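Close look at the chain arrangement
Read off the chains here:
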Amino acid sequence: MSWQPRRLGIIGGNGWLGRAMAEAMLGSGWLPPDALWLSGRTLPAQPLISGQPVHWTTDNQQLLNQCDAVILSLRPQDFFALSLRAENTLLISVMAGISVAELSAHAACSAVVRCMPNAAIAIRGSYSPWLASAEVSAAQRRWVQSMLSTWGSEDELEEEDHLHYLTGLSGSGPAFPALLGRAMSEHALSRGLPAHVVNRAVEGVLVGASPLLAGQNEGPARVAQRFLDYQGTTAAALITMIQEGFEQAIHHGLQAAEQAAFNMTPETMNSRTPDSVPVGAPRTKGDS
Ligand SMILES: NC(=O)C1=CN([C@@H]2O[C@H](COP(=O)(O)OP(=O)(O)OC[C@H]3O[C@@H](n4cnc5c(N)ncnc54)[C@H](OP(=O)(O)O)[C@@H]3O)[C@@H](O)[C@H]2O)C=CC1
Ligand SMILES: O=C(O)[C@@H]1CCC=N1
């Protein structure tokens, strides 16, 4: 038996992720535009999604009344201020750190899905792990899987702790190669190389070479080991990076993200302002 909502809504539809999800679902032809409702606190300057007209509203309750499945895509710190009654709705949250129990209690709703996509939805390359409350039927789960497939790949999880962990690893993950690229660019520029060459060299590494790690190939640990065994210039770089704490820094970063996901309170949410820890100039305990 299959399950199909009459209409799908996205609360926070004009945000970074909300719009990307909508573009993926419409752009792939998976959802017709008249079956999509989007809401925001303000109406968008560009209302078309994938060049097609959809329903926009600033009234979340109107959206809830129209839709049998609703994605919550607002910032976690805005969630508890949201007035929501979604008794007969399949509620799907992409919000970091808000648990199934919190979603269910705040929205008066028992059929709840949490999933954690990432910014690669924009190119339909997101990895989106997800989990569902017991009240979500097998048919609804299959529908969720087919929706997530329009964003990229997916896996159903059994433990919410794993979703908290993956919020850091894969949800935040697209930022990590970007940080690596930034560090490489800064070093090359400081050595006087032309900016256009630096940009193309870094892009060649991050975008051109990453498919070497894809699916059926060797996997990152084997690739790194092959270069270490080669004992050439690459090994010189890798050994120094490892000795300087590269892997430890990654492990600590993933742990920090996991803790942030576990510890989503209005206080902690508002404390990570962009200039509390500037990228490229990490603060240590002694800094003022
Ligand atoms: N960005 C990412 O890479 C990822 C984000 N996430 C999660 O996705 C969620 C959305 O993130 P993101 O898209 O980046 O955030 P944005 O800030 O870009 O978008 C959030 C949107 O929510 C809207 N909004 C806020 N309050 C309300 C409300 N009461 N009613 C309706 N709309 C509201 C805002 O609309 P307006 O502008 O009109 O106020 C805004 O467009 C977050 O919970 C985040 O944890 C998960 C994985 C990856
Ligand atoms: O940085 C964030 O909080 C969001 C959630 C996971 C990825 N981006």
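Analysis parameters
- Residues numbered from 1 in each chain as written.
- Chains lettered and ligands numbered in written order.
- Predicted model: local features only at pLDDT ≥ 70, side-chain atom pairs only at ≥ 80, totals over all residues.
- Heavy atoms only, no water.
- Helix = DSSP H or I, 4+ residues; strand = E, 2+ residues; numbered from the N terminus.
- Buried < 20%, exposed > 50% of the residue type's maximum accessible area, 1.4 Å probe, protein only.
- Contact = heavy atoms within 4.5 Å.
- Areas by Shrake-Rupley, 256 points an atom, 1.4 Å probe, with all protein chains shown as cover.
- Lys, Arg positive; Asp, Glu negative; His and termini not counted.
- Charge placed at Lys NZ, Arg CZ, Asp CG, Glu CD.
- Axes fitted to C-alpha atoms, helices over the stretch in contact; angles between N-to-C directions.
- Parallel < 35°, antiparallel > 145°, perpendicular 65-115°, else oblique.
- Left-handed = near helix turned anticlockwise from the far one by under 90°.
- Nonpolar A, V, L, I, M, F, W, Y, C, P; charged D, E, K, R; others polar.
- Patch = residues over 30% accessible without salt bridge, like charges linked within 9 Å, V, L, I, M, F, W, Y side chains within 5 Å.
- Salt bridge = Lys/Arg side-chain N within 4 Å of Asp/Glu carboxyl O.
- Near = heavy atom within 4 Å.
- Polar contact = N/O pair within 3.5 Å; in protein donor to acceptor, adjacent residues only side chain to side chain.
- Core = buried A, V, L, I, M, F, W, Y, C linked by side-chain atoms within 4.5 Å.
- UniProt positions renumbered as here; feature names shortened; annotations may be inferred.

A closer look at the overall build of the protein
The helix and strand tally for the protein stands at 12 helices and 8 strands. Overall size of the protein, expressed as C-alpha extent along the three principal axes, is 60 × 45 × 40 Å. Out of the 288 residues in the protein, the part that is buried amounts to 38%. Long-range pairs, those at least 24 residues apart, make up 53% of the contacts in the protein with a sequence separation of at least 6. In the form shown here, the protein has an accessible surface area of approximately 16500 Å², with 56% of it arising from carbon and sulfur atoms. The average position of the 18 basic charges and that of the 25 acidic charges among the side chains of the protein differ by 6 Å.

Topic: the packing of helix H9 (residues 220-230) against helix H10 (residues 233-243)
Viewed as axis vectors pointing N to C, H9 and H10 meet at an angle of 115 degrees, and their least axial separation amounts to 7 Å. The orientation of H9 relative to H10 falls into the category roughly perpendicular. For the pair H9 and H10, the sense of crossing is left-handed. Residues Ala224, Phe227 and Leu228 of H9 form the contact with H10, whose own contacting residues are Thr234, Ala235, Leu238 and Ile239. A per-class count over the contact of H9 with H10 returns 6 nonpolar, 1 polar and no charged.

Side note on the packing of helix H7 (residues 175-190) against helix H8 (residues 195-208)
Where H7 contacts H8, the two axes come as close as 10 Å, and the packing angle between them is 145 degrees. As H7 runs across H8, the sense of the crossing is right-handed. When H7 is examined against H8, the residues Pro177, Leu180, Gly181, Met184, Ser185, Ala188 and Leu189 are found in contact with a partner set consisting of Ala195, Val198, Val202, Val205 and Leu206. Among the residues forming the contact of H7 with H8, the class breakdown is 10 nonpolar, 2 polar and no charged.

Looking at a nonpolar patch on the surface
Nonpolar side chains collect at one region of the surface, where Leu180, Met241, Phe246 and Ile250 lie side by side and expose about 330 Å² of accessible area between them. Here Phe246 is to be found in helix H11 (residues 246-262).

So, the site of ligand 1
Neighbouring residues of ligand 1: 23 residues in total, closest Trp16, Leu17, Arg41, Leu74 and Arg75. Within the side chain of Arg41, a nitrogen or oxygen atom sits 2.6 Å from an oxygen atom of ligand 1. Within the contact set of ligand 1, a nitrogen atom lies 3.0 Å away from a side-chain nitrogen or oxygen of Asn60. Relative to its free-state accessible area of 890 Å², ligand 1 is covered by the protein chains to the extent of 82%. Going through the elements one at a time, helix H1 (16-27) and helix H3 (76-79) are the ones with two or more residues in the shell around ligand 1. Each residue belonging to the shell around ligand 1 can be placed in one class, and the counts come to 12 nonpolar, 8 polar and 3 charged.

Overview of the nonpolar core
In terms of nonpolar packing, the biggest core is built from 32 residues, with Leu8, Met25, Leu36, Ile71, Leu90, Met147 and Trp151 touching the most fellow members. For this core, the secondary-structure elements that each account for two or more residues are strand S1 (8-11), H1, strand S2 (36-39), strand S4 (69-72), strand S5 (90-93), strand S6 (112-115), strand S7 (126-132) and helix H5 (138-149). Examining the composition of this core, we find that 6 residues originate from one element, H1, more than from any other. Listed in part, the 20 residues of the second largest apolar core include Cys67, Ala86, Leu91 and Cys109.

Focus: the UniProt feature "domain: Pyrroline-5-carboxylate reductase catalytic N-terminal" (unreviewed entry) in the protein
Summarizing the sequence annotation, UniProt attributes the feature "domain: Pyrroline-5-carboxylate reductase catalytic N-terminal" (unreviewed entry) to residues 7-97 in the numbering used throughout. Within residues 7-97, the helical portion is 25% and the strand portion 21%, while the C-alpha atoms at the span's ends are 27 Å from each other.

A closer look at the site of ligand 2
In the vicinity of ligand 2, the residues found are Ala96, Thr167, Gly171 and Ser172. When isolated, ligand 2 has an accessible area of 250 Å², and the protein chains bury 46% of it. Classifying every residue of the shell around ligand 2 by side-chain character gives 1 nonpolar, 3 polar and no charged.

Focus on unusual backbone geometry
A positive phi angle, close to 50 degrees, is found at Ala108, a residue other than glycine. Of note, Ala108 is situated in the loop between helix H4 (100-107) and S6. Positioned with a positive phi, Gln231 is a non-glycine residue whose angle comes to about 60 degrees. Tracing the backbone shows Gln231 in the loop between H9 and H10.

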